Amino acid sequence: MELQRNVIFGQFVDTGSFVHRMDARIKLAITFIFIVASFLIGDFVGFALVFPLLVLIQVVSRIPIGYLLRGSQLFLGFLIFILAFQILFYTGEVPEGGYLWRWRFLSISTAGLYTAGILGLRVIFLYYVTTMLMLVTSLVDLTNGLELIFGPLQRFRIPVNELILVFVIAIKFVPIFIEEVERLARAQTARGVPFDEGGAISRARRIGRLLVPIFISGFARADLLSTAMHTRSYRGGRYRTKFRQMKTVPSDWAILVLVAVWMTMAWLLP
Amino acid sequence: MQAAGGTPVIELRNFEYTYLEGTPRASEAIRDVSFGIQRGERVGIVGPTQSGKSTIIDSFVHLLRLKPDQVFYDGEDVAASGYDRGRLRREIGIVFQQPDSQIIENVVGADVAFGPTAAGLSAKETRERVEESLNTLGLPYPDFRLRYVHALSGGQRRRVAIAGVLAMHTPVLVLDEPMAGLDPRGRKELLELLTRLQRDRDLTLIVCSASLTDASLLCDRFIVLEEGTVVMDGPVREVLKEADRLAELDITLPEPVIGAREMRKLFPDFPTELLTEDELEAELVKRIGAA
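Residues numbered from 1 in each chain as written. Chains lettered and ligands numbered in written order. Predicted model: local features only at pLDDT ≥ 70, side-chain atom pairs only at ≥ 80, totals over all residues. Heavy atoms only, no water.

S.K.: Sorry if this is basic, but what is going on with the side chain of glutamate 180 of chain A here?
M.R.: All names here are of chain A. By the secondary structure assignment, glutamate 180 is in helix α8 (residues 160-190). Within polar-contact distance, the side chain of glutamate 180 engages the side chain of arginine 183 at 3.0 Å. Residues in contact with glutamate 180, not counting those within four places in the same chain, are Ile214, Ser217 and Arg221. (Helix = DSSP H or I, 4+ residues; strand = E, 2+ residues; numbered from the N terminus. Polar contact = N/O pair within 3.5 Å; in protein donor to acceptor, adjacent residues only side chain to side chain. Contact = heavy atoms within 4.5 Å.)

In structure tokens, the structure reads:
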């Protein structure tokens, strides 16, 4: 019963690699480029060009691939489920002889497969870069980076600091919640609710029992956190100064340019 | 108490455990732990935080990813395939550190009834068990059976959690930090209750704690843990003789033992294996009289 084994969302795994040591702002910018690229790139050749760069990031980061894949099982399963619908209910134009199989409104067509394939790659690409960003960047760096990037918007009375704070707390709460669910599941198993046995449906029904205590502890935790911040006179935004200043080095910029050029090529070349 | 020989009711053999093994976030909890607990024994598993107490408790009823040949109940490997875990969990009752986590239903009566119902008892028997357990814990059945659990105080919720486990009539009772968060009166009541229960029902009692104060009055034997290994294992008084070593481990010593350690400054051979203040006093009177 180790749920954390299967969830990597919001986790930070410090291997001390080069990617980990990069400036958080540059990593955020690179992620942004990747996200834009995932929308612009529209065919298999483009994604094939992107692939080596992702392999490179994976190798350099020293995050074990098995850990990443096991933690992504839930996501991948869900994606396959969605894509199956995308293929079977494809409503776009299908050229002559493009149908491989057809039954009433359900069909499998080459055009449908192609669209689903591109969509799948796009989503996986998006998922990979955002997951990777969190795996290689600590929440402190992520917060500081975001605040520095969006800080200027505060002039326009946008509560940048508060928004980022909420965002970061939300991410931080995910692993805490998983731990909480795990603790509850263990304690209830000990009392005779077998969380570790039975089929998918009976397991899902048992999870329902955890909802009330999870909500209660969630609110209690949020309450505690806000009290703690008040008592320590937390004040966000421009009133805060940082002990650790972020510094970019030339290699950071070089990598940013490299990624930008690489993505432009993947978009325009095919 | 201690039945020499025979199959231990719970036995750990070279137990080792690492959380999230095989991932970058792996953390070693238990390095190498072996001990056996006989039926009817009253054992205190003590050690500082992070010493592995809770992991050991979880292992008793197979709440972890156990490997075979490490944890045994009545001589049977609980990690063997086809082992009846449901039965195991009806034999060993655990009161966890945070009582809230093990309360399943929203209403007190329903929660205490959960275990007996799941074990297949009739409605009448279940009702009797619930009434008995709640009354035993000082939560009068007519007043409390329809109360909403989340509206109770922390101390009351702990008692509900204990009642829920007692209602199972398990031959083995395990408590993780049972005294945490209780006021002195609550502690005294719980101590008396557990002593009485253990005697009346001939329970095997296992108490986990980072404080020896309550455990020393409740147990006959201490298993002392540090960083996932057993550093001492023996009768309470034998373990208390090595008070200096215990103090080094960051374990809270019983008051009389703390007093005795102070007395050692005057009388270097002052014994530390004292359980009550009366014993300390008697020893002191003896020494002063002699001097």
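S.K.: Just checking my understanding: could you explain the pairing of strand β8 (residues 204-209) of chain B for this structure?
M.R.: Both faces of the sheet carry side chains from a regular strand, because those side chains alternate between them. All names here are of chain B. The buried count for β8 comes to six of six residues, which makes it a mostly enclosed element. Burial along β8 is two-sided: Thr204, Ile206 and Cys208 facing one way and Leu205, Val207 and Ser209 facing the other are all buried. Here five bridges tie strand β3 (residues 42-46) to β8, and the two strands are oriented parallel to one another. Across the sheet, residue isoleucine 45 finds its bridge partner in β8, namely cysteine 208. Taken together, the five bridges between strand β7 (residues 172-176) and β8 define a ladder with parallel strand orientation. Across the sheet, residue leucine 175 finds its bridge partner in β8, namely valine 207. What joins β7 to β8 is helix α7 (residues 184-201), and the crossover it makes is right-handed. (Buried < 20%, exposed > 50% of the residue type's maximum accessible area, 1.4 Å probe, protein only. Pairing = 2+ DSSP bridges. Right-handed = clockwise from strand over helix to strand, strands pointing away.)

S.K.: Sorry, what's going on with the nonpolar core here?
M.R.: Buried together is how nonpolar side chains tend to be arranged in soluble globular proteins. Residue and element names in this part refer to chain B. Core analysis: the biggest nonpolar cluster contains 50 residues, and Leu134, Leu173, Leu212, Phe222, Val224 and Leu246 have the highest contact counts within it. Broken down by element, the residue count for this core peaks at six residues, all from helix α6 (residues 154-166). Discounting chain neighbours no more than four positions away, the residues touching valine 224 are Val46, Thr229, Val230, Val231, Met232, Val239, Leu246, Leu249 and Ile251. Counting 36 residues, the second-largest nonpolar core is a separate cluster that includes Ala29, Ile30, Leu64 and Ile206. (Core = buried A, V, L, I, M, F, W, Y, C linked by side-chain atoms within 4.5 Å.)

S.K.: Is there a simple way to think about the interface of chain A and chain B in this case?
M.R.: It is common to give the size of an interface as the accessible area that goes away when the parts come together. Of the residues lining the interface, 24 residues belong to chain A; the matching set on chain B comes to 31 residues. Taking both sides of the interface into account, the surface hidden between chain A and chain B amounts to around 2600 Å²; carbon and sulfur atoms contribute 52%. Three residues, Arg5, Arg186 and Arg191 of chain A, lead the burial of chain A against chain B; their summed loss comes to 30% of the area buried on that side. At the junction of chain A with chain B, the criterion picks out two salt bridges. Across the pair aspartate 58 of chain B and arginine 186 of chain A runs a salt bridge, and its minimum N-O distance is 3.7 Å. Looking at the side of chain A that touches chain B, the elements that each hand over two or more residues are α4 (65-71), α8 and α9 (200-231) of chain A. Ranked by residue count, the leading element in the side of chain A that touches chain B is α8 of chain A, at seven residues. (Buried area = accessible area lost by both parts, 1.4 Å probe. Salt bridge = Lys/Arg side-chain N within 4 Å of Asp/Glu carboxyl O.)

S.K.: I would appreciate a short explanation of unusual backbone geometry in the present structure.
M.R.: Where the residue is not glycine, phi is negative for most of them; where a peptide bond is considered, it is trans in most cases. A positive phi is found at arginine 104 of chain A, a non-glycine position, where the angle reads about 50 degrees. Tracing the chain through its elements places arginine 104 of chain A in the loop between β1 (99-103) and β2 (106-109). Under the relative-accessibility criterion, arginine 104 of chain A is labelled exposed at 67%. At leucine 20 of chain B, a position not held by glycine, the phi torsion is positive, near 50 degrees. Among the secondary structure elements, leucine 20 of chain B is positioned in the loop between β1 (10-19) and β2 (27-37). In this structure leucine 20 of chain B comes out as buried when scored by relative accessible area, which is 8%.

S.K.: Explanation requested: the packing of helix α2 (residues 24-40) of chain A against helix α6 (residues 110-136) of chain A in the structure shown.
M.R.: The geometry of a pair of packed helices is captured by two quantities: the angle between their axes and the separation between those axes. Residues and elements named next belong to chain A. For the pair α2 and α6, interaxial distance at closest approach is 9 Å and the crossing angle is 175 degrees. With respect to their mutual orientation, α2 and α6 come out roughly antiparallel. On the side of α2, the interface is formed by Lys27, Leu28, Thr31, Phe34, Ile35, Ala37, Ser38 and Phe39, while α6 contributes Arg122, Phe125, Leu126, Val129, Thr130, Leu133 and Val136. Here the residues of the contact of α2 with α6 sort into ten nonpolar, three polar and two charged. (Axes fitted to C-alpha atoms, helices over the stretch in contact; angles between N-to-C directions. Parallel < 35°, antiparallel > 145°, perpendicular 65-115°, else oblique. Nonpolar A, V, L, I, M, F, W, Y, C, P; charged D, E, K, R; others polar.)

S.K.: Just to check I follow, could you spell out the pattern of salt bridges for this structure?
M.R.: Pairs can form between side chains of opposite charge whenever their charged atoms are close. Residue and element names in this part refer to chain B. One pass over the structure, following the stated rule, counts 31 salt bridges over all chains. For lysine 67, the salt bridge identified is with glutamate 21, shortest N-O distance 3.3 Å. Of this pair, lysine 67 sits in the loop between α1 (53-60) and β4 (71-73) while glutamate 21 sits in the loop between β1 and β2; the two residues are 46 residues apart in sequence, bridging distant segments of the chain. Each of Asp269, Glu283, Lys286 and Arg287 takes part in a single network of salt bridges with overlapping partners.

S.K.: What's the story with a nonpolar patch on the surface in this structure? I'm lost.
M.R.: Residues and elements named next belong to chain A. On the surface, Val45, Leu49, Val257, Val261, Met265 and Leu269 cluster together into a nonpolar patch covering about 530 Å² of accessible area. At the level of secondary structure, the elements contributing two or more residues to the nonpolar patch comprise α3 (44-61) and α10 (250-268). Broken down by element, the nonpolar patch gets its largest block of residues, three residues, from α10. Mapped onto the elements, leucine 269 comes out in the segment after α10. Classification of leucine 269 by relative accessible area gives exposed; the value is 59%. (Patch = residues over 30% accessible without salt bridge, like charges linked within 9 Å, V, L, I, M, F, W, Y side chains within 5 Å. Areas by Shrake-Rupley, 256 points an atom, 1.4 Å probe, with all protein chains shown as cover.)

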